[in-house]
Structures are given as structure tokens and as C-alpha cells.
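Each chain, letter by letter, is given below.
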Amino acid sequence: MPPLPPDTTGHVPLPPGAPVGMPSAPPAAAVPDPTTTTLAVLLIGPAGAGKTSVAKYWADHRRVPTAHISLDDVREWVRSGFADPQSGWNDHSEAQYRLARRTCGFAARNFLANGISCILDDAVFPDRPVVGLGGWKRHVGPGLLPVVLLPGLDIVLERNAERTGNRRLTDEEVARIHGRMAGWYGSGLPIIDNSQLDVPTTARVLDEVLTRAIASPPTW
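Residues numbered from 1 in each chain as written. Predicted model: local features only at pLDDT ≥ 70, side-chain atom pairs only at ≥ 80, totals over all residues. Heavy atoms only, no water.

1. Structural notes on helix α1 (residues 51-60)
Each turn of an α-helix holds 3.6 residues, which means side chains three or four residues apart point in the same direction.
Part 1 of the reasoning: All of the buried residues along α1 are Lys51, Val54, Ala55, Trp58 and Ala59. Viewed along the axis of α1, the buried residues span an arc of 125°, placing them on a single side of the element.
Part 2 of the reasoning: Residues of α1 that are buried sit in contact with β1 (40-44), β2 (66-70), β3 (117-122), β4 (145-149) and α7 (199-215). (Buried < 20%, exposed > 50% of the residue type's maximum accessible area, 1.4 Å probe, protein only. Helix = DSSP H or I, 4+ residues; strand = E, 2+ residues; numbered from the N terminus. Arc of directions from axis to C-beta. Contact = heavy atoms within 4.5 Å.)

Here it is, written out as C-alpha cells:
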């Protein structure tokens, strides 16, 4: 087998540094189908919102190749020296967060360049520019479609109680995060209240939301 040219994955050339562009506007009479469209989706929500469960289910049940990228999983690739934000947000934890987000962004662009859709999940705060949407837009591109998953506080508290390890937060921290996430209301981003929805139903609602977002991408 001849050697691969530089900057290839063994499939197609790696994506350029430029971010992913906006989805092409469909013809006026066409109804976009998010289940067969190559997409980059960012699922936002507080701890316990069900982001990872919904993202995995959505990715598992699409009719086109789809990858799930969790920022928390990538952050935890760092074993020795992991800067856990639960111990306090500082320069070290911020640097690791930024590094993980850049890694996720590159991975997403690489998958998309190879025709594989991506859904990323992250607890993005509306009032915290450092860990806000700007970084995701810079690393993935304006074609990234953000959707907020925001169930009621009682639901996220219940789900958080089922967690273990450093993914489990105190009730006080969960309530604080949930309260800050309410800032997404009025932001213009689509919001799904999945308090009374199971994972498959939430994934179907996500497809409905993405259909509208493809036809009329949100301004963010």
C-alpha cells in the first residue's frame, strides 16, 4: 500500500482550519429532513438534563453515520492532574476546558469532512462568555446548530442523585446551575423542556426542532 499523503486520515484529507459553514438553505418547497442531513448539533443543558442519554440515542437511531462527542468525556481524558471544576473554577480548569473544547471542535470538523454527522453535548452557560457559545462557534463553525435541553429543577435533582463519581454534584450546585441555565429563555435558541418526555420522545422532538433550525438557522 503506498504511503498516505500528508494531512490525511486514511479516508479523505483532514478538514481545513476554516470552521463549518451554515447549512445550505433548502428550496422553498422542500421540507428539510434532519434524519438524512449531515449535521453538527450542540446539545446544551444543566447537569441532569439528560444531554448525554439523548445525544447517544439520537446518534444511534439516525439513518446516516453520526458521532456523539461529549465534552465531559474528553475533559476526563486527562487522568493525572485532572482539574475538576467541582473543586473550584480556576485558570487550570479553564485551560483544560478550552483544550477539550478545541479537541472536540477539531474532531467534529474531521467527522463532518468525512460525511459523518456530530452531536456534541456541553453545559454551556448563557452568562459566562469564557465557556459560552463563542468558543464552540469558533472551533466548529456557524453551521453548528445549538439546542437547549432544560427540564424542571426537580427532574435534574432526581437524575443527579443517580449519578456516581465526579459527575454527581451537590443539590445546591445543581440548583445553582439550573437557575443560570434559565438565561437561555429569550436567547432565541430553541429550548426543549423534557421534564415529562422519555429519551426516544425527546430525540423525536429534537428532530422537529432541527428541521426548523435547518430551514431557518438561529442567530447566535
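2. Some thoughts on the pairing of β3
Part 1 of the reasoning: With 6 of 6 residues buried, β3 lies mostly within the body of the structure.
Part 2 of the reasoning: Pairing of β2 with β3, which is carried by 5 bridges, proceeds in the parallel orientation. Paired with serine 70 across the two strands is aspartate 121, which belongs to β3. (Pairing = 2+ DSSP bridges.)

3. A word on the pattern of salt bridges
Part 1 of the reasoning: Counted according to the given criterion, the structure contains 4 salt bridges.
Part 2 of the reasoning: Of the charged contacts in the structure, one is a salt bridge between glutamate 94 and arginine 98, with a shortest N-O distance of 3.1 Å. Placement of the pair is glutamate 94 and arginine 98 together in helix α3 (residues 91-113), with a separation of 4 residues, close to one helical turn. (Salt bridge = Lys/Arg side-chain N within 4 Å of Asp/Glu carboxyl O.)

4. With respect to α7
Part 1 of the reasoning: Between its first and last C-alpha atoms α7 spans 25 Å; for 17 residues at 1.5 Å apiece the expected length is 24 Å, and the two agree.
Part 2 of the reasoning: Every buried residue of α7 is listed here: Thr202, Ala203, Leu206, Asp207, Val209, Leu210, Ala213 and Ile214.
Part 3 of the reasoning: Contacts made by the buried residues of α7 are with β1, α1, β3, β4 and β5 (191-192). (Expected span 1.5 Å × (residues − 1).)

5. Observations regarding the sheet that holds β5
Part 1 of the reasoning: Here 5 strands make up an open sheet; going across it, the order is β2-β3-β1-β4-β5 and the pairing parallel. This sheet does not close on itself; its edge strands, each paired only once, are β2 and β5.
Part 2 of the reasoning: Lying over the sheet, α7 contacts β1, β3, β4 and β5, oriented at roughly 140° with respect to β4. (Axes fitted to C-alpha atoms, helices over the stretch in contact; angles between N-to-C directions.)

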